[in-house]
Each structure stands twice: as C-alpha cells, then as structure tokens.
Amino acid sequence: KVGVKLIIGFIIVAIIAGTIGIVGAVNIKAIDDADKKLYETMTDPLGELTFMVDSYQRMRGNVKDLLLAKTPEEIIEAEEKIALRNEEFTTYITSFEKTLFSEEGKALVEDIISNKKLYDQLVLEVIDDLKAGDKAAAEVIIDGEGNELRTQIEKDYRTLIELKVKAAEETADENIEIANTAMTAMIVLIAVGILVSILLGILISRMIKKPLNKMLAVAKEIAKGDLDVELDIDTKDEIGDLAKAFR
C-alpha cells in the first residue's frame, strides 16, 4: 500500500534522526565525563597543592617566629600555630595524593611526607631548646639539618607541581581530541542521514510518480479515442488497483 510505503519511509527517517540524536548524546556525555575528570584529577588538586604549599610556608614562618620569641607565651603561641599549619598540610597532601596516577608523582609525595616528618621532629627539638633557653642550639638545628630538609621539600613540591601541570595539559589535549572525534562523527552521521533521507524520498517519489505518469499517458490516449492501449502496471497497492480499473 502507498500509505505503508510512506509510513516505512517516515520510520526510516525517524530511525536515522534517532541514531544521530543518540550518538550525539553519547558524545556529549563522553565530553562531559572527560571535563569532569580534568577538574577532579587536575584542576582541583592543583588548588589543594597550592594550599599545601601555603600551609608549609606559613608553618616555616611560624618557626621563624619561634626563634624571635622573647617570652614563653610567644613560644606557646607560635607552637600552636605550627600545629595548626601541620594539620592543614596533612589534610591537603592526603587529599592530593589520591589524585595521583604516575609512580613518579606518588614517589615525590612519599618523599615530601617523609622529609616533612623529619622536619617536624626538628621543630620539636627547636621548641625544647627554646623553652630551655638555648636559642643558639635551636638556630643550629634550623640552619643546618632543617635547612637541608627545607630545600629538599621545596624541590620536591616544585617538581610535583610541574608534573601535575604537564598531566593537566595532556588531559586537556585528550579532551580536545575526544571533542574533535565526536564532532567529526556527528558531521558524518548528519551527512549520511541527509543523503539517505534524500535518496529515500526520491525512491518513494518514483515508486508513486512512475505508475501515475503511465496512467496519465494512457488517459490522454483514451481521451484521443485510442482504446487500444496497454497499461503495464502490476503493483499491489492502490495505484495497481487503479491501473486494473483502467484496463
């Protein structure tokens, strides 16, 4: 039937449109997931790394305050601030460590944590010396082994920042590639969908138009008085029924 042919044509076009829509939705979801990964594993951790460095540097400032303290109360105040900065440092580096994937990055974090513990132990010794009134001994610790640990910690976290920034750039490039691939796939699907729809429209049009033109030609011949005409239409639809009536 003509109606069935038209309905089938519309269904095919709808399937094509639906396929394009589904592929588009899947690609959008893939891009969204990639952007989420970039934020959760690169952008946000860089912020935590910045806070970690800030806590560490503020702690070192508090250590300097220890050496400048003139009263037991000032030593206690600096000691409390150091403890607070250490808590912040531990919180940020623990959270940051969960976002690392490379063995090099994990090794650097382990070194930072290890050296930080050694530095904290030295700070406790400094506090004990200051409370005992031995400022000279405290300064020797900070300027000697303390300075070596400080240098190594700062070197490690700078390297860690470089690694994270590089990883973020690589992830961003991957996201761009995903987006470009998705865009290419959508363009190809849309082009194929348009082409198939046009071809389908032409096919259905010919299936209907061709027999109608034949009947029109026969009708003109009959109108001229020529009844000895043949109509070679043998379709199983309404047009075929009309052709039989002509015969």
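Right above here is the structure, for reference.
Residues numbered from 1 in each chain as written. Predicted model: local features only at pLDDT ≥ 70, side-chain atom pairs only at ≥ 80, totals over all residues. Heavy atoms only, no water.

Caption draft 1: The overall build of the protein chain, seen in detail. Looking only at helices and strands, the protein chain has five helices and zero strands in total. The order of α-helices and β-strands along the protein chain, N terminus first, is α-α-α-α-α. On C-alpha atoms alone, the protein chain measures out to a radius of gyration of 40 Å, which is more than a quarter above the 18 Å that the 2.2 N^0.38 rule sets for 247 residues. C-alpha extents for the protein chain along the principal axes are approximately 130 × 30 × 20 Å. The buried share of the protein chain, taken over its 247 residues, is 31%. (Helix = DSSP H or I, 4+ residues; strand = E, 2+ residues; numbered from the N terminus. Rg over C-alpha atoms; globule rule 2.2 N^0.38 Å. Buried < 20%, exposed > 50% of the residue type's maximum accessible area, 1.4 Å probe, protein only.)

Caption draft 2: Region of interest: the packing of aromatic side chains. This model, assessed by the stated rule, comprises four aromatic pairs. For the ring pair tyrosine 56 and tyrosine 157, a centre distance of 6.1 Å and an interplane angle of 75° mean the geometry is edge-to-face. Pair noted here: tyrosine 56 is in helix H1 (residues 2–68) and tyrosine 157 is in helix H4 (residues 135–223), with a separation of 101 residues, a long-range link. Grouping residues by exposure puts tyrosine 56 and tyrosine 157 together as buried. A network of ring pairs unites the aromatic residues Tyr56, Phe89, Tyr119 and Tyr157 as a single cluster. Over the ring of phenylalanine 89 we find lysine 116, and its NZ or CZ is 4.7 Å from the ring centre. (Phe/Tyr/Trp six-rings, centres within 6.5 Å; stacked < 30°, edge-to-face > 60°. Lys NZ or Arg CZ within 6 Å of the ring centre and 35° of its normal.)

Caption draft 3: Up close: a nonpolar patch on the surface. A cluster of nonpolar residues, Val4, Ile8, Ile12, Val188, Val192 and Val196, forms a patch on the protein surface that exposes about 440 Å² of accessible area. When residues of the nonpolar patch are traced back to their parent elements, those giving at least two are H1 and H4. Of note, valine 188 is situated in helix H4. (Patch = residues over 30% accessible without salt bridge, like charges linked within 9 Å, V, L, I, M, F, W, Y side chains within 5 Å. Areas by Shrake-Rupley, 256 points an atom, 1.4 Å probe, with all protein chains shown as cover. Salt bridge = Lys/Arg side-chain N within 4 Å of Asp/Glu carboxyl O.)

Caption draft 4: Structural detail: helix H3 (residues 103–131). Given a rise of 1.5 Å per residue, 29 residues ought to cover 42 Å, and the 42 Å separating the end C-alpha atoms of H3 matches this to within 8%. Looking one or two places after H3, you find glycine 133, whose phi comes out positive at around 85°. (Expected span 1.5 Å × (residues − 1).)

Caption draft 5: Looking closely at the packing of H3 against H4. Two numbers describe how H3 lies on H4: the axes approach to 9 Å, and their chain directions differ by 160°. The angle between H3 and H4 places the two elements in the roughly antiparallel class. Two packed elements cross with a definite hand, and for H3 against H4 that hand is left-handed. Looking at side-chain class alone, the contact of H3 with H4 contains 17 nonpolar, five polar and nine charged residues. (Axes fitted to C-alpha atoms, helices over the stretch in contact; angles between N-to-C directions. Parallel < 35°, antiparallel > 145°, perpendicular 65-115°, else oblique. Left-handed = near helix turned anticlockwise from the far one by under 90°. Nonpolar A, V, L, I, M, F, W, Y, C, P; charged D, E, K, R; others polar.)

Caption draft 6: Just the pattern of salt bridges, in detail. All chains considered together, the criterion is met by nine salt bridges. Arginine 58 serves as the salt-bridge partner of aspartate 54, at 3.9 Å between the closest nitrogen and oxygen. Highlighted residues: aspartate 54 and arginine 58, both in helix H1, separated by four residues, approximately one helical turn. Residue class for aspartate 54 comes out partly exposed when judged on its relative accessible area of 38%. Residue glutamate 79 pairs with lysine 131 through a salt bridge whose shortest N-O separation is 3.2 Å. Of the two residues, glutamate 79 is situated in helix H2 (residues 72–97) and lysine 131 in helix H3; the sequence distance between them amounts to 52 residues.

Caption draft 7: Structural view of the side chain of lysine 116. Tracing the sequence through the fold places lysine 116 in helix H3. The exposure class of lysine 116 is buried, given its relative accessible area of 4%. Only 2.6 Å separates the side chain of lysine 116 from the side chain of asparagine 86, close enough to count as a polar contact. Apart from the residues lying within four places of it in its own chain, the contact partners of lysine 116 are Tyr56, Met59, Asn86, Phe89 and Ile153. (Polar contact = N/O pair within 3.5 Å; in protein donor to acceptor, adjacent residues only side chain to side chain. Contact = heavy atoms within 4.5 Å.)

Caption draft 8: Highlighting a negative patch on the surface. The grouping of Glu169, Glu170, Asp173, Glu174 and Glu177 at the surface amounts to a negative patch. If you trace the backbone, aspartate 173 turns up in helix H4. (Lys, Arg positive; Asp, Glu negative; His and termini not counted. Charge placed at Lys NZ, Arg CZ, Asp CG, Glu CD.)

Caption draft 9: Summary view of the environment of alanine 69. When you line up the elements, alanine 69 lands in the loop between H1 and H2. Expressed as a C-alpha distance, the spacing of alanine 69 and valine 4, which sit 65 residues apart in the sequence, is 94 Å.

Without other data, these values stay purely geometric and don't point to any function.
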